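As a plain string of letters, each chain reads:
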Amino acid sequence: MTNEQILHTETSTGVSHGIHTHEDHHHHETFITKYIFSQDHKMIAKQFLVTGIIWAILGGLMSVLFRVQLGYPDQSFPILETLLGKWAKGGHITAEGYYPLVTIHGTVMVFFVLTGGLSGTFANFLIPLQIGARDMASPFMNMLSYWFFFAGSVVMLSSFFLETGPFAGGWTAYPPLSALGSTSPGSKTGMDLWLISLALFVVSSLLGGLNYIATILNMRTKGMSMTRLPLTIWALFFTAVLGVLSFPVLLSGFILLIFDRNFGTSFYLSDIYVNGVGALPNEGGSPILYQHLFWFLGHPEVYIIILPAMGLVSEVMSVNARKPIFGYMAMVGSLFAIAVLAFLVWAHHMFVSGMNPFLGSFFVLLTLLIAVPSAIKVFNWLTTLWRGSIRFTPGMLFAIGFVSMFISGGLTGVFLGNSALDIHLHDTYFIIAHFHIVMGVAGMFGMFTGIYHWYPKMFGRYMNNTLAYIHFWITFAGAYLIFWPMHYEGLAGMPRRYYDYTNWESFKMFGGLNVFITIVSIIVFATQLLFVVNFFYSMFKGRKVTSQNPWGANTLEWTTPITPGHGNWTGEIPEVHRWAYDYGKDGKEFISQVTPVGASESSNH
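Residues numbered from 1 in each chain as written. Predicted model: local features only at pLDDT ≥ 70, side-chain atom pairs only at ≥ 80, totals over all residues. Heavy atoms only, no water.

### Observations concerning the overall build of the protein
Consideration 1: Each helix and strand in the protein was counted, giving 17 helices and six strands.
Consideration 2: The C-alpha atoms of the protein give a radius of gyration of 25 Å, which matches the 25 Å a tight globule of 605 residues would have.
Consideration 3: Considered along the principal axes of its C-alpha atoms, the protein spans approximately 80 × 55 × 50 Å.
Consideration 4: Here the protein holds 605 residues, and 59% of them are scored as buried.
Consideration 5: Of the contacts formed within the protein by residues at least 6 apart in sequence, a portion of 77% connects residues at least 24 apart.
Consideration 6: Of the roughly 23,400 Å² that the protein leaves accessible, carbon and sulfur atoms contribute 68%. (Helix = DSSP H or I, 4+ residues; strand = E, 2+ residues; numbered from the N terminus. Rg over C-alpha atoms; globule rule 2.2 N^0.38 Å. Buried < 20%, exposed > 50% of the residue type's maximum accessible area, 1.4 Å probe, protein only. Contact = heavy atoms within 4.5 Å. Areas by Shrake-Rupley, 256 points an atom, 1.4 Å probe, with all protein chains shown as cover.)

See below:
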């Protein structure tokens, strides 16, 4: 839908109010314009979601493969040679095969699944529907954001088919492994493709983020003031702001890295000696500069992942507890505080880089300070649940699971935020345990919350509940069984990213534990495949939605037809009269945002 197909009339509130003028355009749509190069925000959201699911399967499979190596370092599995070829000679993963798996697993899960898959899906799907807009501010730019994301995915995937293999220097791509092609096979062409892929991804994120911000600020329907927005929209708004401000810094860091790799510059290199090659001419650069540029994006990136999940969880929790969200303005304020503080804590990733201890103490303070708005959110979620009339839908279970993960994973962050303790814990399994629980698993739980809750609106059908409950309980228990024991390995000093620990007497004692973690991770991965089957089967064969508002929710997306067409509402866009959380008020179970405020109501927003 182009801007010419939407007429905007100014309302008394000064925000745009769309009038439908394009029903007659529907019969012109072809398969390509409707499903491939679509400019409908709902179809683009589905494209992001399906691409994200495919990447999640691939990323999860990589983790299972390297967990097999960690659990059974002395055994060979012929199927591995079938899958990985020369990277698993004799059914035993080689070091050259192990490190690309670890690197690409981290890269795709952080960027392509938990950023592109989560924000791309729900920002696209929910923003126009929940603010009362026909589409995004620029549908064409929105389409481009997906196709840049897709192009980045193709480039990343293509690196697997190189003779030297994909990049193998860790998902953070620290120099000199990333800056010198002569250091290892995994630093050759695969690294260039990695950089090109993520550069395309950054362009996608910026196109999307600018679109989301413009849409939220300029295209809200009549009566939809900022303080009446659902918390999902606030979370997606702050996420987009974080991305627009931080992703260009990462791109600049990558451009300098491309120069160092291919044009003989020395931004990150100095006094390097390569075995078999000799001393290199590079001097004057600093690998610490790259760390600053990377983590200036890298830490906001953590919140780019977790803020949308927080918004989705807040909405689903309020709907299924049949209670207003507790402390709406405190929730908005804490989202804002997290967004600001996210830019001020990046150097806690660099406590062991030789930074000035006084500077380190400054970042310790800010790192511990970010726990305050996070704690406010946790308190408000728990208070929303307190004495609620809770419906344990699959979406609600994943929302509660998210809060559990966020609390337990966040508590271990207090250890890592302390620069003195971090000297012992840095680059150990404690780090893996912490960020997988608080960001990785919690982010995925937020994503599952959103998928299960808005699936009826996306596809006009329900997912199978029995499979959904199996999916939740195995994933919830499995996540703790996989990552909680890793804290103890980390406290014992066990370093991460090594592919065989049998040479250390001190870490041999964790052999049995590693086998246990590997077995559980295989079971959990198989359960995710069960979710994928449920997702795609239900799309065509699931129980059809017959009610316009199956969850009894207040937000605007449930005032559209069961499967809304391009333009969302068939007539006028409804006017908003109240906030999004009037549940259990004046004897009514829920009161939609479009219901005018009555004279006898107890109070209103």
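### Some thoughts on the pattern of salt bridges
Consideration 1: Counted by the stated rule, this structure contains eight salt bridges.
Consideration 2: In this structure, a network of salt bridges that share partners links the residues Arg578, Asp582 and Lys585. (Salt bridge = Lys/Arg side-chain N within 4 Å of Asp/Glu carboxyl O.)

### Considering the packing of aromatic side chains
Consideration 1: Taken as a whole and assessed by the stated rule, the structure comprises 70 aromatic pairs.
Consideration 2: Note on Phe112 and Phe149: the rings are 5.8 Å apart at their centroids and 40° apart in plane angle, and the pair reads as tilted. Here the residue Phe112 occupies a position in helix 4 (residues 95-131), and Phe149 occupies one in helix 5 (residues 139-158), the gap between them amounting to 37 residues. Across this residue pair, the class does not change: Phe112 and Phe149 are buried.
Consideration 3: Measuring from ring centre to ring centre gives 6.2 Å for Phe149 and Phe201, while their planes differ by 55°; the resulting arrangement is tilted. Of this pair, Phe149 sits in helix 5 while Phe201 sits in helix 6 (residues 189-218), and the two are 52 residues apart along the sequence. (Phe/Tyr/Trp six-rings, centres within 6.5 Å; stacked < 30°, edge-to-face > 60°.)

### With respect to a nonpolar patch on the surface
Consideration 1: The grouping of Ile255, Phe259, Phe263, Phe267 and Leu289 at the surface amounts to a nonpolar patch, some 450 Å² of accessible area in total.
Consideration 2: With respect to the helices and strands, Phe267 occurs in the loop between helix 7 (231-262) and strand 3 (273-274).
Consideration 3: For Phe267, a relative accessible area of 33% gives the class partly exposed. (Patch = residues over 30% accessible without salt bridge, like charges linked within 9 Å, V, L, I, M, F, W, Y side chains within 5 Å.)

### Focus: helix 14 (residues 429-459)
Consideration 1: The largest bend in helix 14 comes to about 45°, at His436.
Consideration 2: Most of helix 14 is tucked away: 30 of the 31 residues are buried. (Bend = angle between axes of the 7 residues up to and from the residue.)

### Digging into unusual backbone geometry
Consideration 1: The omega torsion across Pro175 and Pro176 is 5°, close enough to zero to call that bond cis.
Consideration 2: Residue position: Pro176 is located in the loop between helix 5 and helix 6.
Consideration 3: Phi is positive for Ala173, close to 55°, though the residue is something other than glycine.
Consideration 4: The phi dihedral of Arg387 falls on the positive side, at around 60°, and the residue is not glycine.
Consideration 5: For Arg387, the position within the fold is in the loop between helix 11 (371-385) and helix 12 (394-416).

### Comments concerning the packing of helix 7 against helix 8 (residues 287-321)
Consideration 1: Where helix 7 contacts helix 8, the two axes come as close as 8 Å, and the packing angle between them is 160°. In terms of their interaxial angle, helix 7 and helix 8 are classed as roughly antiparallel. As for how helix 7 packs across helix 8, the hand of that crossing is left-handed.
Consideration 2: Looking at side-chain class alone, the contact of helix 7 with helix 8 contains 22 nonpolar, eight polar and two charged residues. (Axes fitted to C-alpha atoms, helices over the stretch in contact; angles between N-to-C directions. Parallel < 35°, antiparallel > 145°, perpendicular 65-115°, else oblique. Left-handed = near helix turned anticlockwise from the far one by under 90°. Nonpolar A, V, L, I, M, F, W, Y, C, P; charged D, E, K, R; others polar.)

### So, the packing of helix 2 (residues 41-71) against helix 5
Consideration 1: In contact at an axis separation of 10 Å, helix 2 and helix 5 are set at 15° when each is read in the N-to-C sense. By the criterion of interaxial angle, the relationship of helix 2 to helix 5 is roughly parallel. In terms of crossing hand, the pair formed by helix 2 and helix 5 is left-handed. Between helix 2 and helix 5, the contacting residues are His41, Ile44, Gln47, Phe48, Thr51, Trp55 and Leu58 on the first element and Pro139, Asn142, Met143, Ser145, Tyr146, Trp147, Phe149, Ser153, Met156 and Leu157 on the second.

### A closer look at the nonpolar core
Consideration 1: Core analysis: the largest hydrophobic core is formed by 180 residues, its most contacted members being Phe111, Trp194, Trp381, Phe402 and Phe535.
Consideration 2: Apart from the residues lying within four places of it in its own chain, the contact partners of Phe535 are Leu49, Val50, Ile53, Ile451, Tyr455, Phe459 and Met463. (Core = buried A, V, L, I, M, F, W, Y, C linked by side-chain atoms within 4.5 Å.)

### A look at the side chain of Ser521
Consideration 1: The residue Ser521 is located in helix 17 (residues 511-541) in this model.
Consideration 2: Sequence-distant contacts of Ser521, that is, excluding residues within four places in its chain, are made with Val64, Arg67 and Ile482.

### Some points on the side chain of Gln528
Consideration 1: With respect to the helices, strands and loops of the structure, Gln528 is situated in helix 17.
Consideration 2: A polar contact of 3.0 Å, which involves the side chain of Gln528, links it to the backbone oxygen of Val524.
Consideration 3: Excluding its chain neighbours within four sequence positions, the residues that come into contact with Gln528 are Phe448, His471 and Thr475. (Polar contact = N/O pair within 3.5 Å; in protein donor to acceptor, adjacent residues only side chain to side chain.)

### Comments concerning helix 10 (residues 357-369)
Consideration 1: Helix length check: helix 10, at 13 residues, gives a terminal C-alpha distance of 18 Å against a target of 18 Å (1.5 Å per residue), a fit within 8%.
Consideration 2: Three or more residues of helix 10 are buried, namely Gly360, Phe363, Val364, Leu366 and Thr367.
Consideration 3: As for helix 10, its buried residues are in contact with helix 9 (328-341), helix 11 and helix 13 (419-425). (Expected span 1.5 Å × (residues − 1).)

### With respect to the environment of Ile482
Consideration 1: Tracing the sequence through the fold places Ile482 in helix 15 (residues 465-491).
Consideration 2: Each C-alpha atom of the pair Ile482 and Thr518 lies 7.8 Å from the other, and the pair is 36 residues apart in sequence.

### Structural notes on the confidence of the model for the protein
Consideration 1: Averaged over all residues, the pLDDT of the protein equals 89, while 95% of them reach at least 70.
Consideration 2: Confidence drops under pLDDT 50 across residues 1-27; counting only partners more than four residues distant or on other chains, this segment forms 60 contacts. (pLDDT = per-residue confidence, 0-100.)

### What to know about the environment of Leu251
Consideration 1: Residue position: Leu251 is located in helix 7.
Consideration 2: Taking the C-alpha atoms as reference, Leu251 lies 26 Å from Met444; in sequence the two are 193 residues apart.

### Brief notes about the environment of Leu195
Consideration 1: Assignment of secondary structure puts Leu195 in helix 6.
Consideration 2: Measuring from C-alpha to C-alpha, the distance between Leu195 and Ala88 comes to 26 Å, with 107 residues separating the pair along the chain.
Consideration 3: In this view, Leu195 contacts Phe254, Leu257, Ile258 and Arg261; residues no more than four positions away in its chain are not counted.

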